[in-house]
Amino acid sequence: MTKQKRQALLFFALSLLFATLQLVRQSVTVTWWNNILAIALPLAAIIFALNVKEPKWRWPLIISEGLLTALMSWLAFVK
């Protein structure tokens, strides 16, 4: 496993973990720092996914992180 793939998968896992934590929290306990991190982590994961050279790993990671970014933005601004 290359360093780029390992970093992209690590940030993908961190984004999923943080998204899960955001989903189970009550909306009154979510601070503005949580909202900033909820949007910043998937964006950083997209940047790391762009560094992956293999297209079979690159595009699914980018698409899934894009969907996760949209979900977390919706949670930050609507929920």
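Below, the structure is looked at part by part. (Residues numbered from 1 in each chain as written. Predicted model: local features only at pLDDT ≥ 70, side-chain atom pairs only at ≥ 80, totals over all residues. Heavy atoms only, no water.)

Turning our attention to the nonpolar core. Among the nonpolar cores identified, the biggest contains seven residues, and these are F18, A19, A38, L41, L68, M72 and L75. Elements with a contribution of two residues or more to this core: α1 (3-24), α2 (32-50) and α3 (55-77). Looking at this core, the element that brings in the most residues is α3, giving three residues. In this structure A38 touches F18, Q22 and M72, once residues within four positions along its chain are discounted. Core analysis: the second largest hydrophobic core is formed by five residues, A8, A49, V52 and I62 among them. (Core = buried A, V, L, I, M, F, W, Y, C linked by side-chain atoms within 4.5 Å. Buried < 20%, exposed > 50% of the residue type's maximum accessible area, 1.4 Å probe, protein only. Helix = DSSP H or I, 4+ residues; strand = E, 2+ residues; numbered from the N terminus. Contact = heavy atoms within 4.5 Å.)

Below, the discussion takes up the packing of α2 against α3. Closest axis-to-axis distance for the α2/α3 pair is 9 Å, and the angle between their directions is 170°. With respect to their mutual orientation, α2 and α3 come out roughly antiparallel. Facing α2, whose interface residues are N35, A38, I39, P42, L43, A45, I46, A49 and L50, α3 presents R58, L61, I62, E65, G66, L68, T69, M72, S73, A76 and F77. Broken down by class, the residue content of the contact of α2 with α3 amounts to 14 nonpolar, four polar and two charged. (Axes fitted to C-alpha atoms, helices over the stretch in contact; angles between N-to-C directions. Parallel < 35°, antiparallel > 145°, perpendicular 65-115°, else oblique. Nonpolar A, V, L, I, M, F, W, Y, C, P; charged D, E, K, R; others polar.)

Another aspect to go through is the packing of aromatic side chains. A full pass over the atoms with the stated rule returns two aromatic pairs. Ring centres of F11 and F48 lie 4.6 Å apart, and the angle between their planes is 20°; on these two criteria the pair is classed as stacked. Placement of F11 in helix α1 and of F48 in helix α2 is noted, with a sequence separation of 37 residues between them. Among the residues examined, F48 registers a relative accessible area of 24% and is labelled partly exposed. Consider the rings of W32 and W33, whose centres lie 4.9 Å apart with planes at 25°: the pair is stacked. Take W32 and W33: they sit in the same class, and that class is exposed. (Phe/Tyr/Trp six-rings, centres within 6.5 Å; stacked < 30°, edge-to-face > 60°.)

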